[in-house]
Amino acid sequence: MTVAASANTAETRVSSVRLARIERNRALIRWWLYGVCALILAMVVVGGATRLTESGLSITEWKPIHGVIPPLSEAEWEEELEKYRQIPEYQLINKGMSLEEFKFIFWWEWAHRLLGRFIGVAFFVPMLAFWVTGRIEPWLKPRLVIGLALGGLQGFVGWWMVASGLVERVDVSQYRLATHLTLALFIFAYLFWIARRLAPLPKPDDEERGRLSGLGRLVLCLVFLQIFLGGLVAGLNAGLTFNTWPLMDGRIIPNGLLVMKPAWLNFFENVMTVQFQHRMTAYLLVVIGLALAFSSFKASRRKELRRAGAHVGGFILLQAVFGILTLLWMVPLSTALIHQGFAVVVLAASVDYLAVLKGPFPIRG
């Protein structure tokens, strides 16, 4: 064997070892991000329960560190209840609430905040460990730092939401609630996108991307729009009104959609209009989602992309069924939480579709 051939063989061996190491590191990081995404899903469900049990205003202070410790004595419980007695929700809705009744709503909000803190630790500590041990590729580091910053922002937005219900309102602002929910799911989508593209996906097909990427992006945008509109519905308790389907107030297009002045206010504060636009966007999503699934089967021979398209169309259709049942049954806790939690699954399917279409992150250097 010549010297040149020996050098080439050694270089190939080194490249293979390096490639295997990068793939192992990517697998570790990918499964860590999947775990964080699962925690965000749990957070969305717990947040929904906190909202539906009217527990979100039970803790009237923001203590990012000390707030992890709940009341430990009867005197501390009485102190927390006394703080709650000072806000409009207690004075106008829950006046005379017993300590045991207060504990029920307190524990929901405390669990919601504790889970948020746990997600922060579950993201930061492994990221630091991977960083120190050299497992994170250089191009990935700023992307993970952005994820950490978004998590910090979400904590601030959560308190900004709660603060809106402590002074002049008996509940939180629907604008802030919708923003809080949408940001949570944006963080989910951001991390899930990174995780999926760290997976050994099939190589992308330029022709498929040209035909299908526009439709895939449209679905993702509509999913985010529907999530925001769902936040408005939750913030206004609009799901407790007009509990019929397919008619709404006896009509396909009900009267009274634009009774508020100026007209744009109806889309955010008119209970009828907010529920109507949530319904209409759901119908549009079903049509576009099924079109994406059909187009994927027609335009692609890759089973991975066909399967991803089928997931998008099927999950959107199933989510519509959950939404209808939640409405008809007047928002029972279990069904409403399934509807809210499954929205995250629909979002994950939409992100996964685009990731399969795009292919894995290239190995650089």
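Another aspect to go through is the overall build of the protein. A tally of helices and strands in the protein yields 11 helices and zero strands. Secondary structure of the protein in N-to-C order comes out as α-α-α-α-α-α-α-α-α-α-α. Overall size of the protein, expressed as C-alpha extent along the three principal axes, is 90 × 55 × 35 Å. Within the protein, the fraction of its 365 residues that count as buried is 47%. Counting contacts in the protein only where the partners sit at least 6 residues apart, residues at least 24 apart contribute 79% of the total. Where the 36 positive side-chain charges of the protein centre and where its 25 negative ones centre are 14 Å apart.

Moving on, we come to the environment of Phe 342. Turning to its location among the elements, Phe 342 is positioned in helix α11 (residues 333–358). Setting aside residues no more than four positions away along its own chain, Phe 342 makes contact with Phe 315, Leu 318, Gln 319 and Phe 322.

Taken together, Val 121, Phe 124, Val 125, Leu 128, Trp 131, Val 132, Val 145 and Leu 148 make up a surface patch of nonpolar side chains, about 680 Å² in accessible area. For the nonpolar patch, the secondary structure elements donating two or more residues are α4 (99–132) and α5 (141–163). With six residues, α4 is the largest single contributor of residues to the nonpolar patch. Among the structural elements, Trp 131 can be located in helix α4. We classify Trp 131 as partly exposed; its relative accessible area is 33%.

What follows is about the packing of helix α9 (residues 271–299) against helix α10 (residues 303–328). Put simply, α9 and α10 touch, their axes get as near as 8 Å, and they point 155° apart. Between α9 and α10, the interaxial angle falls into the category roughly antiparallel. Crossing of α9 over α10 shows left-handed handedness. Across the interface between the two elements, Gln 275, Arg 279, Leu 285, Val 286, Gly 289, Leu 290, Leu 292, Ala 293, Ser 296 and Phe 297 of α9 pack against Leu 305, Arg 306, Gly 309, Ala 310, Val 312, Gly 313, Ile 316, Leu 317, Ala 320 and Leu 327 of α10. Taken together, the residues of the contact of α9 with α10 sort by class into 13 nonpolar, five polar and two charged.

Time to look at unusual backbone geometry. Of the consecutive residues Trp 245 and Pro 246, the connecting peptide bond is found in the cis state with omega at 10°. Among the secondary structure elements, Pro 246 is positioned in the loop between α7 (206–236) and α8 (266–269). Cis geometry is found at the peptide bond from Lys 261 to Pro 262, where omega equals -5°. Its location among the elements puts Pro 262 in the loop between α7 and α8. Backbone geometry places Phe 242, a non-glycine residue, at a positive phi of 50°. Within the secondary structure, Phe 242 is located in the loop between α7 and α8. Within the chain, Val 331 stands out as a residue other than glycine whose phi angle is a positive 55°. Relative to the helices and strands, Val 331 is located in the loop between α10 and α11.

Structurally, the position occupied by Glu 76 is in helix α2 (residues 74–84). Looking at Glu 76, the relative accessible area reads 34%, which means it is partly exposed.

Here is what the cut-offs are and how they apply
Residues numbered from 1 in each chain as written. Predicted model: local features only at pLDDT ≥ 70, side-chain atom pairs only at ≥ 80, totals over all residues. Heavy atoms only, no water. Helix = DSSP H or I, 4+ residues; strand = E, 2+ residues; numbered from the N terminus. Buried < 20%, exposed > 50% of the residue type's maximum accessible area, 1.4 Å probe, protein only. Contact = heavy atoms within 4.5 Å. Lys, Arg positive; Asp, Glu negative; His and termini not counted. Charge placed at Lys NZ, Arg CZ, Asp CG, Glu CD. Patch = residues over 30% accessible without salt bridge, like charges linked within 9 Å, V, L, I, M, F, W, Y side chains within 5 Å. Areas by Shrake-Rupley, 256 points an atom, 1.4 Å probe, with all protein chains shown as cover. Salt bridge = Lys/Arg side-chain N within 4 Å of Asp/Glu carboxyl O. Axes fitted to C-alpha atoms, helices over the stretch in contact; angles between N-to-C directions. Parallel < 35°, antiparallel > 145°, perpendicular 65-115°, else oblique. Left-handed = near helix turned anticlockwise from the far one by under 90°. Nonpolar A, V, L, I, M, F, W, Y, C, P; charged D, E, K, R; others polar.

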